[in-house]
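Descriptive structure summary
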Amino acid sequence: MLRARLISRDRPEDLSLVLRRLNLSPRMREHLTRELGYAHVLVTGGRPSYEEELVPPYGSKEREKLPTWTPGVHVDHPGEVLLSGSRQQFDRLISLARKSPRTDGLARVLEEVLSPTPMTALTLSGRRFEWGARTYLMGVVNVTPDSFSDGGSLPDADSAVEHALKLVDAGADIVDVGGESTRPGSLPVSADEELSRVLKVVEGIKRRSTVPISVDTMKAAVAKEALKAGAHLINDVTGFHADPALAGVVAAAGAACCLMHTQGMPRTMQEAPRYQDVVAEVMDYLEEGMFTATEAGIPRGRILLDPGIGFGKTLEHNLFLLRRLEELRGLGQPLLVGTSRKSFLGKLAGGKGPQERLAATLGSVAAMAVMGGADVVRVHDVGEARDALAVADAIRRARGGGDLYGG
């Protein structure tokens, strides 16, 4: 599959601020941002012939007008190339590639990753989620006896509803109700058992709040009843890979969905996770789920994606995915990321248990927000995460460098 992956890019907003500080005109700032701003893009799944068709010989002045072309030499992945250059150089390459049907695909994927279409705002239960405006909070409401960090802490529907309302008061933008544990090693439960745990909770939250309600399930039968009871979003940890009927249920209800990546099912997923390229394989999996969703009739504007931290991944896989979240933006969808209290944070913090991982969780949440990687974070401790995000989002948006910066 032909794909462009953004490895790094100068932040145009920062460059624009410096150009403003130099008192340049808006037209000149725009021109120089394209001329000076630099990006590195990895193209995979392409053809070796692209270079022959598009790039003039070495030493040619025309070649200097295009991005630097660094081809890979891995025999199992022919056609891979790292492109490095200014936006103006990429624009010239895109223009050349568009002239031939053989290379038009390259133009398309480069344009998508360098000038992504703004993501459509999502409205759930009357609340509008403007992606990019800030990092939103999903609060966890586990109604399972065996969840990894808080199993059994909410023994009945009333206590679960009260907990959900406290999360809303603390700043949750969405609450996520789960009736089946997906911790490593957990066993599946029947649809009837899962429904007995979640339905009354969904109904209770719906009666007492307008907060958007997500239900964490991989079963079409559970999703159908939960949506009837008032849920607005289905959060499937298998990314529409487990139950072929689930996408149709979501589409029929006009609901939203979050598709997560996992390697294997909870019972065995942590036994020996292995990848050749964790970012590429997560993207492939999520793209398959998106295809299933759109084929069933779910609009792209109602699809969120989750890289599945801790689901069939080692410590290093988790860290690498978090570091490279910007590559996942190439899929063009809002990203929901859940790191809260997970075991990799405990390992990094010296072996601390789930209830002792708050500081580590906040560190991961703030890092994801300030890097602009996550649109929604799924957390247990909403109030504390809200404060961490308020700081991180403010740092990311900071423009007031003094009078010379126009601030």
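Conventions adopted
Residues numbered from 1 in each chain as written. Predicted model: local features only at pLDDT ≥ 70, side-chain atom pairs only at ≥ 80, totals over all residues. Heavy atoms only, no water. Buried < 20%, exposed > 50% of the residue type's maximum accessible area, 1.4 Å probe, protein only. Helix = DSSP H or I, 4+ residues; strand = E, 2+ residues; numbered from the N terminus. Pairing = 2+ DSSP bridges. Domains from an automatic or database assignment. Contact = heavy atoms within 4.5 Å. Buried area = accessible area lost by both parts, 1.4 Å probe. 1 Å grid on protein atoms, 1.4 Å probe; cavity = no way out; pocket = protein on both sides within 12 Å on 5 of 7 lines; lining within 4 Å. Points joined across faces, edges and corners; volume = space filled by probe spheres on them. Nonpolar A, V, L, I, M, F, W, Y, C, P; charged D, E, K, R; others polar. Salt bridge = Lys/Arg side-chain N within 4 Å of Asp/Glu carboxyl O. Axes fitted to C-alpha atoms, helices over the stretch in contact; angles between N-to-C directions. Expected span 1.5 Å × (residues − 1). Core = buried A, V, L, I, M, F, W, Y, C linked by side-chain atoms within 4.5 Å. Polar contact = N/O pair within 3.5 Å; in protein donor to acceptor, adjacent residues only side chain to side chain.

Regarding the pairing of strand β4 (residues 81-86)
Buried residues dominate β4, accounting for five of its six residues. For strand β2 (residues 38-44) and β4, the ladder comprises six bridges, and the chain directions are antiparallel. If you follow Ala 39 over to β4, its bridge partner there is Gly 85. Bridge count for strand β3 (residues 68-71) against β4 is four bridges, and the pairing is antiparallel. Note on β4: the bridge partner recorded for Trp 69 is Leu 83.

Focus on the domain arrangement of the chain
Each assigned domain of the chain is listed here: domain 1 (3-114) and domain 2 (122-397). Centre-to-centre separation of domain 1 and domain 2, based on C-alpha positions: 35 Å. Contact residues are listed per partner, giving six residues for domain 1 and 11 residues for domain 2. Taken together, both faces of the contact between domain 1 and domain 2 bury some 800 Å²; the carbon and sulfur share is 33%.

Let's talk about the layout of surface pockets
There is about 1,400 Å³ of room inside the largest pocket. Around the largest pocket sit 43 residues that line it, and Arg 9, Glu 13, Glu 326, Arg 329 and Gly 372 are the ones nearest its centre. Here the lining of the largest pocket is composed, by residue class, of 17 nonpolar, 10 polar and 16 charged. Each of domain 1 (3-114) and domain 2 (122-397) contributes no fewer than three residues to the lining of the largest pocket.

A closer look at the pattern of salt bridges
One pass over the structure, following the stated rule, counts 29 salt bridges. Close ionic contact of Arg 9 with Glu 326 constitutes a salt bridge, the shortest N to O distance being 3.8 Å. A residue pair is termed long-range when its members are at least 10 positions apart, and Arg 9 in strand β1 (residues 3-9) and Glu 326 in helix α13 (residues 325-328) qualify at 317 residues. By relative accessible area, which is 33% here, Arg 9 ends up partly exposed. Measuring nitrogen to oxygen at the nearest pair gives 3.7 Å for the salt bridge that ties Asp 216 to Arg 378. Residue Asp 216 is found in strand β9 (residues 213-216), and its partner Arg 378 is found in strand β14 (residues 376-379); the two are separated by 162 residues along the sequence. Both residues of the pair, Asp 216 and Arg 378, belong to the buried class.

Structural notes on the sheet that holds β14
The strand order β12-β11-β10-β9-β8-β7-β14-β13 describes an open sheet built from eight strands, whose pairing is parallel. The sheet terminates laterally at β12 (303-306) and β13 (336-337), the two strands that pair on one side only. Strand direction decides the pairing type here: strand β10 (residues 233-236) and strand β11 (residues 256-260), joined by four bridges, are parallel. Within β11, the position partnered with Asn 235 by the bridge is Cys 258.

Quick look at unusual backbone geometry
The backbone of Ser 125 shows a phi angle near 50°, a positive value even though the residue is not glycine. Relative to the assigned elements, Ser 125 resides in the loop between β5 (122-124) and β6 (127-129). Positive phi values are uncommon outside glycine, yet Arg 341 reaches one of about 60°. Residue position: Arg 341 is located in the loop between β13 and α14 (343-348).

As for the sheet that holds β1
Taken together, four strands build an open sheet; the order of strands is β1-β2-β4-β3 and the sheet is antiparallel. The two strands at the open ends of the sheet, each matched to only one other strand, are β1 and β3. Going across the sheet, the axis of each strand differs from the next one's by a mean of 20°, ignoring polarity. The strands touched by helix α5 (residues 87-97) are β2, β3 and β4; relative to β4, the strand with the most contacts, the crossing angle is about 125°. Sheet contacts for helix α6 (residues 104-114): β1, β2, β3 and β4; angle to β1, the most-contacted strand, approximately 40°.

Overview of empty space enclosed by the protein
In this approach a probe as big as a water molecule rolls over the atoms, and the regions it shows empty are the leftover space. Inspection of every chain in the model, using the stated rule, returns one cavity of 30 Å³ or more. Considering only enclosed or pocket space, the largest cavity measures out at about 30 Å³ in volume. For the largest cavity, the full set of lining residues is Glu 180, Thr 182, Glu 194, Asp 216, Thr 217, Met 218 and Val 237.

Here's the deal with helix α15 (residues 358-370)
Here α15 spans 18 Å end to end across 13 residues, near enough to the 18 Å set by a 1.5 Å rise per residue. Those residues of α15 hidden inside the fold are in contact with α12 (315-323), α13, β13, α14, β14 and α16 (382-397). Where α15 ends, the next residue or the one after it, Gly 372, has phi of about 75°, a positive value.

Structural notes on the nonpolar core
Counting residues in each nonpolar core, the largest one holds 71 residues, and the members touching the most others are Val 175, Ile 205 and Phe 240. With eight residues, the top contributor of residues to this core is helix α11 (residues 278-296). Setting aside residues up to four positions removed in sequence, Val 175 forms contacts with Gly 139, Val 141, Ala 164, Val 168, Ile 205, Val 211, Pro 212, Ile 213 and Ser 214.

What to know about helix α7 (residues 157-170)
Relative to the 20 Å expected for 14 residues at 1.5 Å per residue, α7 spans 20 Å between its end C-alpha atoms, a close match to the ideal helical length. Regarding α7, the residues found buried are Ala 160, Val 161, Ala 164, Leu 165, Leu 167, Val 168 and Ala 170. Buried residues along α7 sit in contact with β7 (136-142), β8 (174-178), α8 (191-208) and α16. Of the residues flanking the start of α7, the one acting as N-cap is Asp 156, its side-chain oxygen 3.3 Å from the backbone nitrogen of Asp 158.

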